[in-house]
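Summary of the model geometry
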Amino acid sequence: MSLFPHPARPAARGAPLRAAAYALAILTAVPAGLRAAAPALRAAARPPGYGEFVVTLALSASFELNAAVARATWVCSAKAAGRAGIDAALARIKAQTGQAARDAYDSALSSPAHYYGQQTSVDIPLSRGQYHGAQSISLTVGSADLTDRASGHLVAEPTVMIGCWLNLYDRAGTGAYAYQSPPARPGAARDEFRRVTWAPYVLTSAPVPNAD
Amino acid sequence: MPTSGARWLALGLLLAAVLPLTAARAQQLGAASHVNPTPAGSLPLTLDVEVSLAHLHPGASQGGLECGAIVRPGDWIKSHRGEITDYASADKLVLSPAHYLGQSGSAAFALSRGAYGGSVRFATALTQAALTDPATRAPWSPQPAVLIVCWLTLNGHAAAWDPSVAPRVAAAENTGFVASSPLVVAVQDLSAAGMSAQATLHAQGNYFVPGAVALAAQVGGAGAASASTATAAVPANQPGQNGAANPSQASLNPQPISLQVGLNAAGSFQTPQPQSIQVQLTAGGNFVVPTAASVGANVDAAGAFTVPAPLALSLSMQSGGAFQVPAPISTGLTLQAAGGFLPPAP
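The rules behind the values
Per chain, residue numbering runs from 1 following the sequence as it is written. Whichever chain is written first becomes A and whichever ligand is written first becomes 1, with later ones labelled in order. Given that the model is predicted, a residue must reach a pLDDT of at least 70 before its local features are reported, and side-chain atom pairs must reach 80 or more before they are shown or counted; all residues, however, enter totals for whole chains, interfaces and linings. Numbering of helices and strands starts at the N terminus; helices are DSSP runs of H or I of at least 4 residues and strands are runs of E of at least 2. Buried means a residue has 20 or more other C-beta atoms within 10 Å of its own C-beta, exposed means 12 or fewer, and partly exposed covers the counts in between; C-beta atoms are placed from the backbone. When DSSP finds two or more bridges between a pair of strands, those strands are recorded as paired. Confidence per residue, as judged by the predictor, is encoded in pLDDT with a range of 0 to 100. Here, residue contact means that the backbone-derived C-beta atoms of the two residues sit within 7 Å. The term nonpolar core refers to a group of buried residues, namely Ala, Val, Leu, Ile, Met, Phe, Trp, Tyr and Cys, whose C-beta atoms join them within 7 Å. Lines fitted to the C-alpha atoms define the axes, with helices restricted to the stretch that makes contact. Angles between their N-to-C directions range from 0 to 180 degrees. A helix is expected to span 1.5 Å multiplied by its residue count minus one. Given a residue, its bend is the angle between the two axes fitted to the seven residues that end at it and to the seven that start from it. Roughly parallel means an angle under 35 degrees; roughly antiparallel, over 145; roughly perpendicular, 65 to 115; everything else is oblique. Put simply, a crossing is left-handed when the front helix is turned counterclockwise from the back one by less than a right angle, and right-handed when it is turned clockwise. Amino acids are sorted into nonpolar (Ala, Val, Leu, Ile, Met, Phe, Trp, Tyr, Cys and Pro), charged (Asp, Glu, Lys and Arg) and polar (every other residue, Gly among them). Arc definition: directions from the helix axis to the C-beta atoms.

**Brief notes about the overall build of chain A**
Within chain A, the secondary structure is distributed over four helices and nine strands. The N-to-C order of helical and strand elements in chain A reads α-α-β-β-α-α-β-β-β-β-β-β-β. Looking at chain A residue by residue over its 212 residues, the buried ones come to 34%.

Dropping the structure here:
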């Protein structure tokens, strides 16, 4: 079974309501003084966030970067699914190193998380190219991936994975994700500053509890 | 004045449009909770439903019973009662005909935290038309009885019955599911003195409400220019590095790392006092030491040792907490003696 079986992003939840509001506004075309009815339509909408949940990662890091690095960020992504799917995705990523790990990470987590708006970027306060500290990173995750599309019910063992990948930029603002690689040969590439000797990401998972 | 005339005209149109609607709504709401003034020749009917609801969708705030009553021969009721299995059949067989006769209504009640417990009353009156078979224009026979049906509504919509064991994820679009039947059916014999029936409705939701998740992890290492002083491949599923399979262990609280130092001296030498060995553990490669780890060991010179060559110390590092080291880490040490070496004892 595919981990990400949804072919298209679900429609924005407020869209039908907004369309109804617009239609109502056009049909009624009341004077400005009587338009107080419009906000009531929005107020009648359901409270937002049902089915969504927040995943928070306390991320401790300690590293020293290339002297050419001027800015570093964590790009963090979260994705929910059944435990089997999450475990398989984690295994695929962790079985790789270097660019292959990045590709696997992007495919299994970063890309779908970006698609569903479950991604955030957090600046890392560097001091002389070093960082030693901890940051709390929170993401709101939707419930769509917790629902089995065939049955409409909860997937088995709902689980969420969250990952953060280090992104590095030079003084010109040029850069992208860091990559793990052995020490470079003489005459290294221009993006040598993005190279680190350790895995530049963290990836973890946990069961999603039932708050009911 | 023309302006004033227009205003009166507008007001008149507004009242003409609003008043009938208000009156109709008041009549419908009145049917829900109060016995209507019984028209002459009609029979008052009440149904008290003991309602118990729990674990409904957290977004469900308003519950209700949509009810209707019709009169039919006893045999007809027996044969058709089993056909009422969902809202569509309830609507077709009872609610819609009852609505046509003015014998339907809804009784609303507020939900609190997805639950409700209490008695809900549906009251109506059976008209002469309801007592008459339209085909024969004669009273329903034989053994006419009243079939009363109520269907649970949540947030104004008919509840959906989902008997599946697996829960649904509580989302904005699925507030109306219950795991047991939202249907109430009651049969009451006709009585000229009025009728009162009782029923119960127990329904539970089966929702999964995703709760907040908190995790902790650690990452880092020396930069590209730094040579690793030690490397340790951390298992992927161990907490502390690129994975935390067990959420209960995901919160990293590094414990002191214990180093066991084994001193192998081939010969004999003697120290005037116990010697202290200090080891600074620095991070390199794939694991991180949040604070410099210092390790102490004492070489107790109780006996006499002879050291023909530089001392070889082997360290075996064991993880105390979040650090997971798959294999012992070997490193090289230089031993410096603060005291003086004594010559071998004669």
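**Brief notes about the pairing of strand 1 (residues 43-54) of chain B**
Residue and element names in this part refer to chain B. Here strand 1 shows a buried face lined by Leu-43, Leu-45, Leu-47, Val-49, Val-51 and Leu-53 and an unburied face lined by Pro-44, Thr-46, Asp-48, Glu-50, Ser-52 and Ala-54. As paired strands, strand 1 and strand 4 (residues 116-126) are joined by eleven bridges and run antiparallel to one another. Bridge pairing in strand 4 links Val-51 to Gly-118. In this structure, strand 1 lies alongside strand 13 (residues 195-204), joined through ten bridges in parallel fashion.

**Some remarks on the confidence of the model for chain B**
Residue and element names in this part refer to chain B. Chain-level pLDDT for chain B is 68 on average; 52% of the residues reach the 70-or-more range. Segment residues 223-346: pLDDT under 50, and 209 contacts once partners within four positions in sequence are set aside and those in other chains are kept. Complex prediction metrics read pTM 0.61 and ipTM 0.75.

**What about the nonpolar core?**
Counting residues in hydrophobic clusters, the biggest one holds 59 residues, and the most contacted among them are Val-55, Leu-57, Val-160, Met-161, Ile-162 and Tyr-201 of chain A. Here the element with the most residues in this core is strand 5 (residues 158-169) of chain A; it accounts for seven residues. Apart from the residues within four sequence positions on either side, Val-160 of chain A is in contact with Val-55, Ala-78, Ala-80, Val-141, Ser-205, Ala-206 and Val-208 of chain A together with Val-213 of chain B. Counting 47 residues, the second largest nonpolar core, distinct from the first, contains Ala-69, Val-71, Ile-148 and Val-178 of chain B.

**A few points about the sheet that holds strand 4 of chain B**
Strands belonging to one sheet form pairs held by backbone hydrogen bonds; the direction of such a pair is parallel or antiparallel. Residues and elements named next belong to chain B. Strand order across the open sheet formed by three strands is 4-1-13, with mixed pairing between neighbours. Every interior strand has two partners, whereas the edge strands, strand 4 and strand 13, have only one. Averaged over all pairs of adjacent strands, the angle between strand axes in this sheet comes to 20°, irrespective of strand direction.

**A short note on the confidence of the model for chain A**
In the predicted model, chain A carries a mean pLDDT of 79, and the fraction of residues at 70 or more is 74%. Between residues 1-48 of chain A, whose pLDDT stays under 50, and residues either more than four places distant or in other chains, the model counts 21 contacts.

**Focus: the environment of Val-209 of chain B**
Position of Val-209 of chain B relative to the elements: it lies in the loop between strand 14 (207-208) and strand 15 (213-221). In this structure, the C-alpha to C-alpha distance between Val-209 of chain B and Ala-171 of chain B, residues 38 residues apart in sequence, is 8.3 Å. Val-209 of chain B has contacts with Asn-210, Ala-211 and Asp-212 of chain A together with Pro-58 and Ala-170 of chain B, leaving out every residue within four places of it along the chain.

**Quick word on helix 4 (residues 98-115) of chain A**
Residues and elements named next belong to chain A. Between the first and last C-alpha of helix 4 there are 24 Å, a value that for 18 residues agrees with the 26 Å anticipated at 1.5 Å per step. Taken as a whole, helix 4 carries its principal kink of about 50° at Asp-106. Every buried residue belonging to helix 4 is among Ala-101, Arg-102, Tyr-105, Ala-108, Leu-109, Ser-110, Pro-112 and Ala-113, and all of these are buried. Downstream of helix 4 by one or two residues, Gly-117 has phi in the positive range, about 70°.

**Some remarks on unusual backbone geometry**
Negative phi is the rule for most residues except glycine; trans is the rule for most peptide bonds. Here the residue pair Ser-141 of chain B and Pro-142 of chain B is connected by a cis peptide bond, since its omega of 0° sits within 30 degrees of zero. At Glu-157 of chain A, a position not held by glycine, the phi torsion is positive, near 50°. Structurally, Glu-157 of chain A is set in the loop between strand 4 (130-141) and strand 5. A count of 14 C-beta atoms within 10 Å places Glu-157 of chain A in the partly exposed class. Positive phi, normally seen in glycine, also occurs at Arg-137 of chain B, with a value near 60°. Note that Arg-137 of chain B resides in the loop between strand 5 (132-133) and strand 6 (138-139). Take Arg-137 of chain B: there are 7 C-beta atoms within 10 Å of it, and that puts it in the exposed class.

**What to know about the packing of helix 3 (residues 83-94) of chain A against helix 4 of chain A**
Residue and element names in this part refer to chain A. Put simply, helix 3 and helix 4 touch, their axes get as near as 8 Å, and they point 160° apart. As the angle between them shows, helix 3 and helix 4 are arranged roughly antiparallel. Viewed along their axes, helix 3 and helix 4 form a crossing whose handedness is left-handed. Here Ala-89, Arg-92 and Ile-93 of helix 3 lie close against helix 4, whose contacting residues are Ala-101, Ala-104, Tyr-105, Ala-108 and Leu-109. A breakdown of the residues in the contact of helix 3 with helix 4 according to their chemical character gives seven nonpolar, no polar and one charged.

**Here we look at helix 3 of chain A**
All names here are of chain A. With twelve residues, helix 3 ought to run about 16 Å at 1.5 Å a step, and its terminal C-alpha atoms sit 16 Å apart, in line with that. Those residues of helix 3 that fall on the buried side of the exposure criterion are Gly-85, Ile-86, Ala-89, Leu-90 and Ile-93. Angularly, the buried residues of helix 3 cover 135° about the axis, an arc narrow enough to put them on a single face. Against strand 2 (71-82), helix 4, strand 5 and strand 9 (201-207) lie the buried residues of helix 3.

**Side note on the environment of Gly-194 of chain B**
All names here are of chain B. Structurally, the position occupied by Gly-194 is in the loop between strand 12 (183-189) and strand 13. Residue classification places Gly-194 among the partly exposed positions, given that 14 C-beta atoms sit within 10 Å. A C-alpha to C-alpha distance of 5.9 Å links Gly-194 and Leu-45, two positions 149 residues apart in sequence. If we ignore the near neighbours within four places in the chain, the residues touching Gly-194 are Leu-43 and Pro-44.

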